[in-house]
Amino acid sequence: MKRRGWAGLTAVLLVLSGCGTETAAGGIPKRTPTQHATPTPRPTPTPPPPTCPASGVSISVGDFDASVGHRAVIARLTNCRPEPITVTGYPDVTVLDSKRTTMKVTVTHGTSYMAIDPGPTKLRLRKGESAQAAIAWSSTVEIGGDNQNGAYLSVARAKHEKPTVWPVVTDIGTTGKIALTAWSLKRP
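What you are looking at is a predicted structure, and each value in this text was computed from that prediction instead of being measured. (Residues numbered from 1 in each chain as written. Predicted model: local features only at pLDDT ≥ 70, side-chain atom pairs only at ≥ 80, totals over all residues. Heavy atoms only, no water.)

(A) Looking closely at the sheet that holds strand 3 (residues 57–67). On the basis of which strands lie adjacent, the open sheet formed by 5 strands has the order 3-4-9-12-7 and mixed pairing. Strand pairing shows two members of the sheet lacking a second neighbour, strand 3 and strand 7 (106–109), which therefore form its edges. For this sheet, the mean inter-axis angle between neighbouring strands, taken without regard to orientation, is 25 degrees. Inspection of the sheet shows strand 7 paired to strand 12 (residues 177–180) by 4 bridges, in the parallel sense. Residue pairing across strands places Thr108 opposite Ala179, the latter belonging to strand 12. (Pairing = 2+ DSSP bridges. Helix = DSSP H or I, 4+ residues; strand = E, 2+ residues; numbered from the N terminus. Axes fitted to C-alpha atoms, helices over the stretch in contact; angles between N-to-C directions.)

(B) Summary view of the nonpolar core. Core analysis: the biggest nonpolar cluster contains 27 residues, and Leu77, Ile135, Leu153, Val155, Ile178 and Trp183 have the highest contact counts within it. The element best represented in this core is strand 9 (residues 130–138), accounting for 4 residues. (Core = buried A, V, L, I, M, F, W, Y, C linked by side-chain atoms within 4.5 Å. Buried < 20%, exposed > 50% of the residue type's maximum accessible area, 1.4 Å probe, protein only.)

(C) Up close: the sheet that holds strand 11 (residues 164–173). Within the open sheet, the 3 strands sit side by side as 6-10-11. Their pairing is antiparallel. Of all the strands in the sheet, the pair left with one neighbour each is strand 6 (92–96) and strand 11. Sheet twist, expressed as the mean angle between neighbouring strand axes with direction ignored, is 35 degrees. Looking at chain direction, strand 6 and strand 10 (residues 148–156) are connected through 5 bridges and run antiparallel.

Shown next, in the form of structure tokens:
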């Protein structure tokens, strides 16, 4: 850069460096306070209270567990109505692909590698009480088999009841099977 350019740049920088300062006693620049508008906080909306489906039960799926190629999740059914409900037998579970289309999967009832089936019993759940069931599968892949991976589980209290769909990766490999335990007050 030519000498003239440097001199001009230096002059501009000196002028700009003096903006917004006052000289205090002793020649040390002092910053002038800058006025900033403090935004008025908006109230955080209160989330709506949880609703209870017409069936009187809410179903959640979680607590994923894995061991040596075996997998399981726990389905939890909670009574959300004021009156007690009766639960018996096994949940109705369907494996869905990424497009939420039902996959061809064999569903069995009983003990699996991941959970011991307590067998079907009649359970009476008061408001807020829960029952649990294990949904288990093996991620076994055999040569020449059709490797299947589900993306969702559709879970209902029993057949012919409205299901709840949860995103759960079910890498059932070539087995094409899932095993269910009965609803139980304790974790199966």
